[in-house]
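Observations on the three-dimensional arrangement
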Amino acid sequence: MSTLLIRHARVLVTMDTQRREIADGAVFIRDNVIEQVGLSAELPDHADTIIDATGHVVLPGLVNTHHHMFQSLTRAVPAAQDAALFDWLGHLYPIWAGLTPAMIHASTQTAMAELMLSGCTTTSDHLYIFPNGCRLDDSIAAAQEIGMRFHAARGAMSVGQSQGGLPPDRLVEDEAAILRDTQRLIETYHDSQRHAMQRIVVAPCSPFSVSQDLMRESARLARSFGVSMHTHLAENSSDVTYSREKFNMTPAEYAEDCGWVGHDVWHAHCVQLDAAGIALFARTGTGVAHCPCSNMRLASGIAPVRAMLDHGVPVGLGVDGSASNDGAHLLGEVRQAMLLQRVGYGPAAMTARQALEMATLGGAKVLNRDDIGALAPGMSADVVMFDMDQIGYAGALHDPVAALVFCTPTHVAHSVINGRVVVRDGRCVTVDLGLVRERHNRLAAELVG
């Protein structure tokens, strides 16, 4: 058994049931589980590995609830820079048709490294396009190599343009084949145990790219295996119009009709979720992945997150795909979430600590987990440390926790995932980022042409 001690934090943000913030705090970890949390003077003074967190804010690893990592290959593509959602997809679908397994692997590692350096320790990824032999297995292999806690969402598109859907026909799959492959992935990779590093999520892409039958059958499959479900919903006004014209229902009504509400379900965006939808999600425990940067980039609107939280809807944060953000800095997303709610609903709409809570406990709840998102005995050993002795925080140390959100986002100094140090002194230690970056840029140039 190995032990790890993190001690002398400037502030230790626990996110425990009492929301304690401990000056000169410490965390003692045995193997992959937190054993003790408290004052440095009260915890053991020895361990196999000791990290001196003097001058650092220490907090639970951040949780990313929505991403499309393959899109890291198509950041800032000129044709798609100034388009709303449907036109943006129309520009990019033909490019993504050229994806290969090597590209999926490379983009996953690039995206995960970017997330890890921003303070994220657990991420979901929604891969919904599988041309040229691509499989979700390619993402899973990349995650295992870099050492990130991973909820791999098996996305799918089955309704092409000839059937009234948005994607080109050549990018959709047969629905029976989708369900077979999803079951294969669950049986091969899903770990339902506490502290699991790998879980599978059932994730048809969106109302405008799959059938009602696939939504319903996917829900049945997911619940028969006890796995979570994820899709896009009510992302912008065009999305709402499509649901009304195609199904004669609002997006929330459509989700309920298909069996897509409950504590085991979370929907991405929900920018245009109406009051009835918010009440439905609150009543059923249905989660939302809020993606503020992407929603601004595509001019989708301001999601009513304040109202969702006030009604008890579980809300986490997501960076979304790196072709609609075009980045994956989760601490930066925390800042934008706070600022965007203030733009929409006033200066008291969201505090810095409320935004951080969405990125930790909120994300854990959305992913249907009770073992991440807080620093407390028995929780998974996912811990991140931000060095406050940087120029960007100068003058902000009256409240170093709020400074993390109000000031310009920085990279972590150290990160621990499942008890393993994966970032040390600001450097990712599980992969060679120079090689990852070089490979990624070469493949991106090959894909976009």
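Throughout what follows, the structure given in this document is the object of discussion. What you are looking at is a predicted structure, and each value in this text was computed from that prediction instead of being measured. (Residues numbered from 1 in each chain as written. Predicted model: local features only at pLDDT ≥ 70, side-chain atom pairs only at ≥ 80, totals over all residues. Heavy atoms only, no water.)

A closer look at the pattern of salt bridges
For the structure shown, the criterion picks out 21 salt bridges. Between Glu173 and Arg154 there is a salt bridge, with the nearest N and O atoms lying 2.9 Å from each other. Note that Glu173 is positioned in the loop between β8 (149-156) and α4 (175-189) and Arg154 in strand β8, a separation of 19 residues in sequence. In the salt-bridge network here, residues are joined through shared partners; they are Arg135, Asp137, Arg154, Glu173, Asp181 and Arg184. (Salt bridge = Lys/Arg side-chain N within 4 Å of Asp/Glu carboxyl O. Helix = DSSP H or I, 4+ residues; strand = E, 2+ residues; numbered from the N terminus.)

Re the packing of α4 against helix α5 (residues 212-225)
In the contact formed by α4 and α5, the axes pass within 11 Å of each other and the chain directions differ by 20°. With respect to α5, the axis of α4 lies roughly parallel. Where α4 crosses over α5, the two elements pack in a sense that is right-handed. Seen from α4, the contacting residues are Glu175, Ile178, Leu179, Thr182, Gln183, Ile186 and Glu187; seen from α5, they are Asp213, Leu214, Glu217, Ser218, Leu221 and Phe225. (Axes fitted to C-alpha atoms, helices over the stretch in contact; angles between N-to-C directions. Parallel < 35°, antiparallel > 145°, perpendicular 65-115°, else oblique. Left-handed = near helix turned anticlockwise from the far one by under 90°. Contact = heavy atoms within 4.5 Å.)

Points about the packing of aromatic side chains
Counted according to the given criterion, the structure contains eight aromatic pairs. Centroid distance Phe208 to Tyr242: 6.3 Å. Interplanar angle 80°. Geometry classified as edge-to-face. Within this pair, whereas Phe208 is found in the loop between β9 (198-204) and α5, its partner Tyr242 is found in helix α6 (residues 237-247), the two being separated by 34 residues in sequence. According to the relative accessible area criterion, Phe208 is buried, its value standing at 4%. Linked through ring pairs, Phe70, Trp88, Tyr93, Trp96 and Tyr128 together constitute an aromatic cluster. Over the ring of Phe130 we find Arg154, and its NZ or CZ is 4.2 Å from the ring centre. (Phe/Tyr/Trp six-rings, centres within 6.5 Å; stacked < 30°, edge-to-face > 60°. Buried < 20%, exposed > 50% of the residue type's maximum accessible area, 1.4 Å probe, protein only. Lys NZ or Arg CZ within 6 Å of the ring centre and 35° of its normal.)

Digging into helix α3 (residues 136-146)
The buried count for α3 comes to eight of eleven residues, which makes it a mostly enclosed element. Those residues of α3 lying buried are Leu136, Asp137, Asp138, Ser139, Ile140, Ala142, Ala143 and Ile146. Phi turns positive, to about 90°, at Gly147, one or two residues after α3.

With respect to a nonpolar patch on the surface
Among the surface-exposed residues, Ile302, Val343 and Tyr345 lie close enough to one another that they form a single nonpolar patch of about 290 Å² accessible area. Inspection of the secondary structure assignment puts Tyr345 in helix α11 (residues 330-345). (Patch = residues over 30% accessible without salt bridge, like charges linked within 9 Å, V, L, I, M, F, W, Y side chains within 5 Å. Areas by Shrake-Rupley, 256 points an atom, 1.4 Å probe, with all protein chains shown as cover.)

Overview of the state of the cysteines
Following the criterion strictly, the structure yields zero disulfides and no others. For Cys120, which is in no disulfide, the shortest distance to another cysteine sulfur is to Cys291 and amounts to 13 Å. Using a relative accessible area of 0% as the deciding quantity, one classes Cys120 as buried. Cys258 carries a free sulfur, and the closest cysteine sulfur to it, the one in Cys270, is 14 Å from it. In this structure Cys258 comes out as buried when scored by relative accessible area, which is 4%. (Disulfide = S-S within 2.5 Å.)

What to know about unusual backbone geometry
The omega torsion of the bond from Asn325 to Asp326 falls at 0°, within 30 degrees of zero and hence cis. By the element assignment, Asp326 lies in the loop between β13 (315-317) and α11. Of note, Ala234 is a non-glycine position whose phi angle comes to about 50°, a positive value. For Ala234, the position within the fold is in the loop between β10 (229-233) and α6. Residues other than glycine seldom take positive phi values, yet Cys270 does so here, at roughly 55°. Position of Cys270 relative to the elements: it lies in the loop between β11 (265-269) and α8 (275-284). Cys270 gets classed as buried once you look at its relative accessible area, which sits at 0%.

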